[in-house]
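# Observations on the model geometry
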Protein chains: 2
Amino acid sequence: MSLLAELQDIVGVEHVLKGDETAPYLTDWRGRYTGKALAVVRPADVEEVAAVVRVCLQFNTPIVTQGGNTGLCGGATPSNKGDAVVVLMTRLNKILEIDTDNDTITVQAGCVLQTVQEAAVQAGRLFPLSLASEGSCTIGGNLATNAGGTQVLRYGNARELALGLQVVTADGEIWNGLRGLRKDNTGYDLRDLFIGSEGTLGIITAATLKLYPLPVARSTAFLAFNSIADAVKVLSRARHGFGSALTGFELISAYCLGIVAQVFPQIKLPFSPDKSPWYALLEISDNESEDHARGRFEAVIGDALEAGEIVDAVIAETSAQSQALWHIRESIPLAEAATGKGIKHDIAVPVSKIPEFIAHTNALLQARFPGVQHIIFGHLGDGNLHYNVGAAPGQEEGFLSLQKDVYKIVFDSVYAVNGSISAEHGIGQLKKDLLIDYKDEVELALMRKIKRVLDPHALFNPGKVISSVEF
Amino acid sequence: MSLLAELQDIVGVEHVLKGDETAPYLTDWRGRYTGKALAVVRPADVEEVAAVVRVCLQFNTPIVTQGGNTGLCGGATPSNKGDAVVVLMTRLNKILEIDTDNDTITVQAGCVLQTVQEAAVQAGRLFPLSLASEGSCTIGGNLATNAGGTQVLRYGNARELALGLQVVTADGEIWNGLRGLRKDNTGYDLRDLFIGSEGTLGIITAATLKLYPLPVARSTAFLAFNSIADAVKVLSRARHGFGSALTGFELISAYCLGIVAQVFPQIKLPFSPDKSPWYALLEISDNESEDHARGRFEAVIGDALEAGEIVDAVIAETSAQSQALWHIRESIPLAEAATGKGIKHDIAVPVSKIPEFIAHTNALLQARFPGVQHIIFGHLGDGNLHYNVGAAPGQEEGFLSLQKDVYKIVFDSVYAVNGSISAEHGIGQLKKDLLIDYKDEVELALMRKIKRVLDPHALFNPGKVISSVEF
């Protein structure tokens, strides 16, 4: 039998897509990468996934796993060779178990993140992973890329939320590691090896995830600072004053607030963008009461004002006001897109190094490309900045062709403070070559060894993250 | 040159111990395992560790890494062959950096845990890892075994506290992964692969660890329950009522309280041991005030009393009273040792499965070994029980010879509820054969592949955790 006949045999004729039907799965959602595939296969369960992998092995056919196709680095898009099969995980979309005494939820990998969040809420629990694409991304993709998002400061990345996995290995076997245990010291940590490996070592088919209590109250404030150093001081004060109640500390530069004002004049801003060079959106989640949250909030913010670390603060009085403040933060990427194409960097540096990193890197960029715009915002609490660079006014044309040079300045600067060139978006195709430039040789060699031994035929998501051989 | 001469050349003659000098390092502290070694080598820094590894590779000599020698599974004790070199990490004992804005501490692997805790406190921070041997265990050993302890419920195991590692690989190369980042999605998670690998894949030489705010207040209570099911209900209530303020929920059976009363009559107990079948020590840590902690505590405990889930509760009024309550919990292992040798199990099961696990396993043990004592206590909040079994009265002699049969009943029961046969102590020598009995074949095969590729000459801690070949 041919490969396609074998695949049809496993999943049914209607679940092997060919020709035009495959188009939606061959381009990433930002439209940066387009590839080709022999077929898009939609298995129904873990046994079918394993059978598909075994058939692909037999035909020496590359496998690209795809969930909601919302990745930002082209990790789920096949190459142009057209020799691969795309394995679409969206039919594995069942919530398998909610255990409220153990505070765990077990779900198939193709579950949409928002479906998992909603199932948790119905059981009176919080599943805290939250990101812009939550309405369409899948939990399998979140784990494969170790997704971050807006709640990392308190709850960690996707990695920290997973207790157990079920995985189809590159041998086509099923590893059943769906354990809901907080403690288990029985051998090597395979779970965390598959998490973040972007489909290059196996296929995550299900996961047991942690649940948390639903917060009783949330408080939000918009703060203005005289300097980025003051913002770091207030972050430290907030960590200590609020403890684990601190769930958000989003940095916003005056430039970012300015473009929001310009593009969305209907949005009411708490401050004029020229009031201060830096702002932040601060959020706490409380498990007692609205009054308690408000009292804590006023005490800590009051102390920071008194210490002169905050110039001014606006505290949301209602949940509608709170949403309006978050809306400002969420509008930055749209305002950025509307005001010209930027060169984007999803970086992390130690929080203590942020002031020097920004000053130093801004100066280097100005020296080389006078007048470029610094579009800086992001998750200050995680040391994760979206440190984007826009064209100097009037010089938009051809600006993106400078990407390589801008990358070099920014990533050299990141490297100098022991930071990360990809904080939460992963490597995929986009940063595969950069990984080789900026990773320690010893670390790369270890990664290649693992790739080689777990995927000996190099069939799992080839061309992504790392190759088993050195080029 | 001979191996010893080469080693002397690297670390200095006085740091290559031979003959009688090696004795303290050849027996584990419980005295269960004794081995032999060619020498005990004490490198001064990471370069010396790497040089020692390279020389051992050259001479095809096995390497056993040792920190404070406080492990419970014989993981740091060499075999009887006498062909190995013990690499003692205690000279790598420097605190390298404390970064209070980033809330991280970077330490060499030979630092004693208590030294790290104290350095954190001096900087106004908490390093939360805490366990009985903290005065002598090293942070390298804590990471190599993914140590648990009393604060896991809130802060996680050693794994969750590490952001970056420096490791000497089995090729004798230095991987510098000392990153202090909360977000970094650049390739495979090597950090978590080395953590918990018990010296079988490389040598951890330094780590960057997370720091937390110091709690302002702690409250402690001793609770009595009518049933283990009620204890689980109150745990769930406490998780939701206290959120992340909940830092301890230690289960104590009536039998355990009884032997504490019997062995240590001077200890004042909050309740008579025959009041209830089950007790728990509950602790919260608060970052506001004593008053606030007390208020929260009384509200949640009051609700549980009203719901009939708690029979009675004693709340510590002073920190001395709180310490006295903890002292009861800490006295259980001593009371246990004084009243006869038990067969011990460090297991984890999903919290929701604990009532059925205990009822079922107790019944199986009574059916097979009538009259045996159930010595049950531990970290209920983590699903981690020290489920120990004592001889029936008058049948102490030869009881330990039943270990294999008791293990089988208990671990089969653990396996049936998807639990762990080693929650926080690791595998070492003690549970190496059990691992093969109770681990999924696919998981074992993956572990062997990783062992084979990262330690191709099988020189790192041979005979521990897993072998690269199947026996």
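Cut-offs and rules
Residues numbered from 1 in each chain as written. Chains lettered and ligands numbered in written order. Predicted model: local features only at pLDDT ≥ 70, side-chain atom pairs only at ≥ 80, totals over all residues. Heavy atoms only, no water. UniProt positions renumbered as here; feature names shortened; annotations may be inferred. Pairing = 2+ DSSP bridges. Helix = DSSP H or I, 4+ residues; strand = E, 2+ residues; numbered from the N terminus. Phe/Tyr/Trp six-rings, centres within 6.5 Å; stacked < 30°, edge-to-face > 60°. Buried < 20%, exposed > 50% of the residue type's maximum accessible area, 1.4 Å probe, protein only. Contact = heavy atoms within 4.5 Å. Buried area = accessible area lost by both parts, 1.4 Å probe. Salt bridge = Lys/Arg side-chain N within 4 Å of Asp/Glu carboxyl O. Polar contact = N/O pair within 3.5 Å; in protein donor to acceptor, adjacent residues only side chain to side chain.

- An unreviewed UniProt entry annotates chain A as FAD-binding oxidoreductase of Pelistega europaea.
- Of the comments in the UniProt record for chain A, the one headed Sequence similarities (unreviewed entry) reads "Belongs to the FAD-binding oxidoreductase/transferase type 4 family."
- Per UniProt, the comment on chain A under Cofactor (unreviewed entry) is "FAD".

## Re the sheet that holds strand β2 (residues 39-41) of chain A
Residue and element names in this part refer to chain A.
- Taken together, four strands build an open sheet; the order of strands is β1-β2-β4-β3 and the sheet is mixed. Of all the strands in the sheet, just β1 (16-17) and β3 (63-66) have a single pairing partner and so form its edges.
- Bridge count between β2 and strand β4 (residues 85-88): three bridges; the pairing is parallel. Bridging across to β4, V41 finds its partner in V87.

## Re the packing of aromatic side chains
Residues and elements named next belong to chain A.
- Inspection of the entire model under this criterion finds 20 aromatic pairs over all chains.
- On the numbers, 6.0 Å between centres and 40 degrees between planes, the contact of F222 with Y279 is tilted. Taken together, the residues F222 in strand β12 (residues 217-225) and Y279 in strand β14 (residues 278-286) connect sequence positions 57 residues apart. For the residue pair F222 and Y279, the accessibility class agrees, reading buried in each case.
- Members of the aromatic cluster, joined through ring pairs, are Y407, F411, Y415 and Y438.

## Comments concerning the interface of chain A and chain B
- Tallying the contact residues gives 90 residues for chain A and 90 residues for chain B.
- Around 7200 Å² of area is buried between chain A and chain B when both sides are counted, 52% of it from carbon and sulfur atoms.
- Sorting the residues of chain A by area buried against chain B places K183(A), N185(A) and Y188(A) first, and these three jointly supply 15% of that buried surface.
- For the interface between chain A and chain B, the tally reads 14 salt bridges.
- Between D382(B) and K183(A) there is a salt bridge; the shortest N-O distance is 3.3 Å.
- Inspection of the chain A/chain B interface yields 52 residue pairs in polar contact (both at pLDDT 80 or more).
- Looking at the side of chain A that touches chain B, the elements with two or more residues in it are β5 (95-99), α5 (152-155), β9 (174-177), α7 (190-194), β11 (212-213), α8 (228-242), α10 (290-306) and α15 (441-454) of chain A.

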